[in-house]
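# Reading the structure
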Amino acid sequence: MADRTWTGTTDGDWEDDANWGGESFPTGGEDVFFTSGSVSVDTTLDQSNIELASLTIGPKYTGTIGIAATETPLKLGSIAGRITYGQKVGVCYISGDTSGADAIFADVIVEATSTESPALNFVTCDITNLTMLGGKGTVYIGTGVDITSTILMIGCRSVTLEIDSAATIECNITISDGRLVTPIATNNLTMFGGLVEMADGGDGTTDTITIYDGIFKCKAPADTTITDLVVYQGFFDARAATAPGMLQVAGTGITITNTTVYEGGILDERNGLQNVTYSTPIKVRGGIVYLNAGRSMLIA
C-alpha cells in the first residue's frame, strides 16, 4: 500500500505528478496525506473513480481542498479506512460520486477545524461513523449525506456540527461537548453535556432522547415524535418550538410517548402554543416541569 503526500509544487492540479513529491498522483488504494504547505487543490477535482485507503489532512496544511467561492468539492470514491481531519487554518469540501452509488467513507474523525463556517463540508456520501474530537468552526453535513451508525461528539467544546434537512442520520448520537444543530430525527440521542438544537426543517421520529446533562432545544416547526424522553439532569427546552399545536390544529405538533423527569432535570414547554402532546402521564421523579398556562396534565 503506497503513501502519497501533497506538496503542491507546481499548482493546484490533483493529477499533476509534480504536486505529489515526484510520485505519481493517487489512482486508488493509497494513503493520502496533506501535512504542510498552503497550495490549494482546485483543479481536476473529480476523482470519483478512485478508492483511497485513507485520507489525512493535518494541522500544518493551510490550503483549501475544493473551491471555496463556489463550494465545489473534491469528489472521491469510497475510502476504506479513516478520513482524519485536523486542519486549523483553511477549509475543505469533500463529496462522493454524484453520478451513481454514493461513496462510503467508513470513519471520519475530526480532531480540529479552522474557525470558518463551514470549515469542513461533506455532500453526497455515506459516512459510517463520525467522531468529533475538536475544532472551532462548523462541520457541515450537506445534501445527500447518510450517516448510518454513530455520531460521537466529545471534547469538542467550541465546534458546531450542522446537519442539512436533505441529509439522513439513521444513527445513534452521543454528545458530551459542542453544539449540534439538526432539523431531522435520529435513532437515539444520549447527552452528557453540550447543546442540541432541533431546528428548522422536516419532521420525523426519534426513538429515545436521554439527557444526563446539557441542553436540548426543541425548535421543531413541524410534526415531531419522540418515543422516550428521559431527563436525569440538564434541560429539555421546548419554549421556542413553533410547530402548530392544539390551539391551532388538533393532532399536530410535538408528540412525546413516554416522559420521565428525575431530580436535577428540567422540562419547559412554555411557548404559548400548547404544541406538546404527552401520550402517557409524565413520570415525575423529581426535577421541575414547566407547563403552558391553563394546561391539565396527568402526572404519574
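The present account deals with the structure reproduced in this document. Every chain's residues receive numbers from 1 upward, in the order its sequence appears when written. With the structure being a predicted model, the display of local features is reserved for residues of pLDDT at least 70 and the display and counting of side-chain atom pairs for 80 or more, all residues being used for whole-chain, interface and lining totals. Values reported for side chains reflect all heavy atoms of the structure, with hydrogen atoms and water molecules removed beforehand.

### Focus on the overall build of the chain
Threshold: Every helix listed is a DSSP run of H or I at least four residues long, and every strand listed is a run of E at least two residues long, numbered separately from the N terminus. Relative accessibility decides the category of a residue: with a 1.4 Å probe and only protein chains considered, values under 20% of the type maximum give buried, values over 50% give exposed, and everything between is partly exposed. By the convention used here, residues are in contact when the closest approach between their heavy atoms is within 4.5 Å. Note that accessible areas follow from Shrake-Rupley with a 1.4 Å probe, and for residues the cover is restricted to the protein chains shown.
In terms of helices and strands, the chain carries zero helices and 25 strands. When its C-alpha atoms are laid out on the principal axes, the chain stretches across 75 × 35 × 30 Å. A total of 300 residues make up the chain; the buried ones form 49% of that total. Within the chain, counting contacts between residues at least 6 apart in sequence, those at least 24 apart form 38% of the total. As presented, the chain carries roughly 12200 Å² of accessible surface, and 49% of it is formed by carbon and sulfur atoms.

### Remarks on the pairing of strand 13 (residues 160–163)
For a regular strand, side chains alternate in direction, first toward one face of the sheet and then toward the other. As a reminder, the rule being used: A pair of strands is considered paired only if DSSP assigns at least 2 bridges between the two.
Here four bridges tie strand 11 (residues 138–141) to strand 13, and the two strands are oriented parallel to one another. Bridge assignment links T138 to a residue of strand 13, and that residue is T160. Taken together, the three bridges between strand 13 and strand 16 (residues 179–182) define a ladder with parallel strand orientation. When the sheet's bridge partners are listed, L161 is paired in strand 16 with L180.

### Structural notes on the packing of aromatic side chains
For clarity, the threshold we go by: Aromatic rings from Phe, Tyr and Trp, with only the six-membered ring used for Trp, were paired whenever their centres fell within 6.5 Å, and each pair was classed as stacked if the ring planes differed by under 30 degrees, edge-to-face if by over 60, and tilted otherwise. Remark: a charge is flagged as sitting over a ring if the NZ atom of Lys or the CZ atom of Arg is within 6 Å of the ring centre and within 35 degrees of the ring normal.
Considering all chains together, one arrives at 10 aromatic pairs under this definition. Pairing W14 with W20 gives two aromatic rings, centres 5.0 Å apart and planes at 75 degrees, and the pair type is edge-to-face. Here W14 and W20 have matching classes, each one buried. Between W20 and F34, the ring centres sit 6.0 Å apart and the planes meet at 75 degrees, which makes this aromatic pair edge-to-face. One end of the pair, W20, is in the loop between strand 1 (3–5) and strand 2 (31–34); the other, F34, is in strand 2, with 14 residues separating them in the sequence. Note on F34: relative accessible area 0%, which makes it buried. One aromatic cluster is present, formed by W6, W14, W20, F34 and Y61 through successive ring pairs. In this structure, R270 packs its charged tip against the face of Y290, placed 4.1 Å from the ring centre.

### As for unusual backbone geometry
Omega for the bond connecting S117 with P118 falls within 30 degrees of zero, at 0 degrees, which places this linkage in the cis form. In this fold, P118 is placed in the loop between strand 8 (103–110) and strand 9 (120–123). Positive phi, close to 55 degrees, is recorded for T44, a residue that is not glycine.

### Structural notes on a nonpolar patch on the surface
Quick note on the threshold: Two joining distances apply to patches: 9 Å for like charges and 5 Å for nonpolar side chains (Val, Leu, Ile, Met, Phe, Trp, Tyr), and every residue must have over 30% relative accessible area and no salt bridge. A pairing counts as a salt bridge when a side-chain nitrogen of Lys or Arg comes within 4 Å of a carboxyl oxygen of Asp or Glu.
On the surface, a cluster of nonpolar side chains totalling about 220 Å² of accessible area is made up of L133, L152 and I154. Considering the arrangement of structural elements, one finds L152 in strand 12 (residues 145–153).

### Here's the deal with the pairing of strand 18 (residues 204–218)
Relative to strand 18, strand 17 (residues 188–198) is paired through nine bridges, and the arrangement is parallel. From the neighbouring strand, N188 faces strand 18, where its bridge partner is T208. By the bridge criterion, seven bridges tie strand 18 to strand 19 (residues 224–231) in an arrangement that is parallel. Bridge pairing in strand 19 places T208 opposite D228. Here strand 18 runs beside strand 20 (residues 234–237); their pairing, made up of three bridges, is parallel.

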